[in-house]
Structures are given as C-alpha cells and as structure tokens.
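# Observations on chain architecture
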Amino acid sequence: MDLETGAIVGAEALARWTEDGRPQSPASFIPVAEASGLIVPLGGRVIELVCEALRAMEQAGFPDIPLSVNVSPLQLGRREFIEELAAMVARHGIEPRRMEIEITEGAVMSDYQDGRELLARLRRLGFGIAVDDFGTGYSSLRYVHSLPVTRLKLDRQFTAGVGEQGEQGEGANVADMIITLGHRLGLDIVAEGVETPAQVEWLRRHGCPCAQGFLFAHPEPVEDFIARLRGQG
C-alpha cells in the first residue's frame, strides 16, 4: 500500500500448503523443500502461476500492478535459471518489468561477485529486484550501493516495534537508518509485517513510502485480489 494515498501499488506472491483445509505456514514446508531439492520445481511452478496471475490482472484492466516473487538461493544458483525465467515470461506475454524478483540479502552476500553479475543480468532483462528481509545482516550495508537492486524490504522484526516502543527503540533506530539509506540510494522501500495503524503513522512520518502486512490484507487467491483492485477504483 502507498502510505500517502492508500492505493494498492503491488503485491507479493505467497506459497501456502493446505492440509485438512487449513493453510500451513511456509516455515513448515519451505525448509523441507530446500533440503530435498524440491524447492527448484516448486519455485518454478510458483513463477509460472505468477505469470498466469499477471496475465489475468492485465485482462482485468490492471496492467501496471507488479507482483513480487521469492526466489530461493538454490534456484538462483542454477545456470539455467535466467534463461528459463526469460522464456517463461515470454511464453505468457508478460513484460519483465511487471515481475519483481525477491532475494534475501544472505543469498547475495554468500557469493557477492557472482550474485552481483546475476542481478545485473536480471536488471538488463527488465526485472525488478527486491532485497527481502533487509537489515537482518550487516555485511550488505557495505555493498548495497553497488548492487543493481530496485527495492529494499524492511524486515518485519524492525517494523514490529515502531509506533509502540517510541522513537528510541532499537527496531525504530534501525528502521529509520534503512529508510534513510534507501532514499539516499534512490531505491524504493517497503516495510514488511505492518499490523497496526500506529506502525503506519510512524513509517509515514519517517519517510517510508509503502508497506505490506495483515493490517491491509491477508493472503488471498488472485481472483479476490483482482476484486480488491476493482473495489478501490
């Protein structure tokens, strides 16, 4: 959500495992998928579904709302990843600018030189690149200025305390620093895990332009998201 206008300006694709009719947290199955190698076909299927969702949104009259999708380091490490990604969006007729690839800062910093080149290739193709969970590691603060990324996502552990613990809390200080850093580098910024109006007010006052979290919406099928977009018009 744009914190000034209240408009929906994007969404994140989420994977959920349903058991007995109830969605399971990714924390319960993503580690298993990564340990077994199943994260590669699972991640590929998720990207395919994101392409289908973007096509449905375009047909519904919303061609400018981007979707972000998390990509595992195991996916990124595959030599064929970029070629397969480019072929997939081309097959669905999707402009790469409408898809934002989310990576964790740890995935980039584990092999900085190769990671930087891979991100540069994605940017040349037109994909947006977001660094997820930003602020949870320290090494990337030295290098983020030279990475070809377009967005920083402020980790929920820092947004959790803002607005409730005052201006001097540790989370608030780190959040303020990252927001300032993002502005100085000319990057978009999104605060994750926003759940209270007090957090929204704090983020707005400190210059954070966008946020996501349960305060605005819970995970929902793409059809419901399209209906939500229609409803705000």
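### Let's talk about the pairing of strand E4 (residues 67-70)
Successive residues of a regular strand alternate their side chains across the two faces of the sheet. When strand E1 (residues 11-13) meets E4, the two strands line up parallel, connected through 3 bridges. Residue Ala13 lies in a different strand from E4, and its bridge partner there is Val69. As paired elements, E4 and strand E5 (residues 99-104) share 4 bridges and run parallel to each other. Looking at the pairing, Ser68 lines up with Glu100 of E5.

### Things to note about the pairing of strand E8 (residues 188-191)
Pairing analysis gives 4 bridges linking strand E7 (residues 151-154) to E8, with the strands arranged parallel. Opposite Leu152, over in E8, you have Ile189 as the bridge partner. With 2 bridges connecting them, E8 and strand E9 (residues 210-211) associate as parallel partners. Residue Val190 lies in a different strand from E9, and its bridge partner there is Cys210.

### Some details on the environment of Glu4
Within the secondary structure layout, Glu4 lies in the segment before E1. The spatial distance from the C-alpha of Glu4 to the C-alpha of Glu100 is 22 Å, given a sequence separation of 96 residues.

### Examining the packing of helix H2 (residues 39-59) against helix H4 (residues 81-92)
Contact geometry of H2 with H4 gives a least axis separation of 10 Å together with a crossing angle of 30°. Relative to H4, the element H2 lies roughly parallel. At the point where H2 passes H4, the crossing takes the right-handed sense. Contacts from Gly44, Ile47, Glu48, Cys51, Glu52 and Arg55 in H2 reach Phe81, Leu85, Met88, Val89, Arg91 and His92 in H4. Within the contact of H2 with H4, the residues separate by chemical class into 6 nonpolar, 2 polar and 4 charged.

### Describing the pattern of salt bridges
All told, the structure shown has 16 salt bridges when counted by the stated rule. Among the salt bridges present, the one from Glu201 reaches Arg205, with a minimum N-O distance of 3.6 Å. Of this pair, Glu201 and Arg205 both sit in helix H10 (residues 197-205), 4 residues apart, which is roughly one turn of the helix. In this structure Arg205 comes out as partly exposed when scored by relative accessible area, which is 49%. Here Arg228 ties to Glu220 by a salt bridge, and the two come within 2.9 Å at their closest N and O atoms. On the accessibility criterion, Arg228 (33% relative accessible area) is partly exposed. One network of salt bridges, with partners in common, ties together Glu12, Glu102, Lys153 and Glu192.

What counts as what
Residues numbered from 1 in each chain as written. Predicted model: local features only at pLDDT ≥ 70, side-chain atom pairs only at ≥ 80, totals over all residues. Heavy atoms only, no water. Pairing = 2+ DSSP bridges. Helix = DSSP H or I, 4+ residues; strand = E, 2+ residues; numbered from the N terminus. Axes fitted to C-alpha atoms, helices over the stretch in contact; angles between N-to-C directions. Parallel < 35°, antiparallel > 145°, perpendicular 65-115°, else oblique. Left-handed = near helix turned anticlockwise from the far one by under 90°. Contact = heavy atoms within 4.5 Å. Nonpolar A, V, L, I, M, F, W, Y, C, P; charged D, E, K, R; others polar. Salt bridge = Lys/Arg side-chain N within 4 Å of Asp/Glu carboxyl O. Buried < 20%, exposed > 50% of the residue type's maximum accessible area, 1.4 Å probe, protein only.

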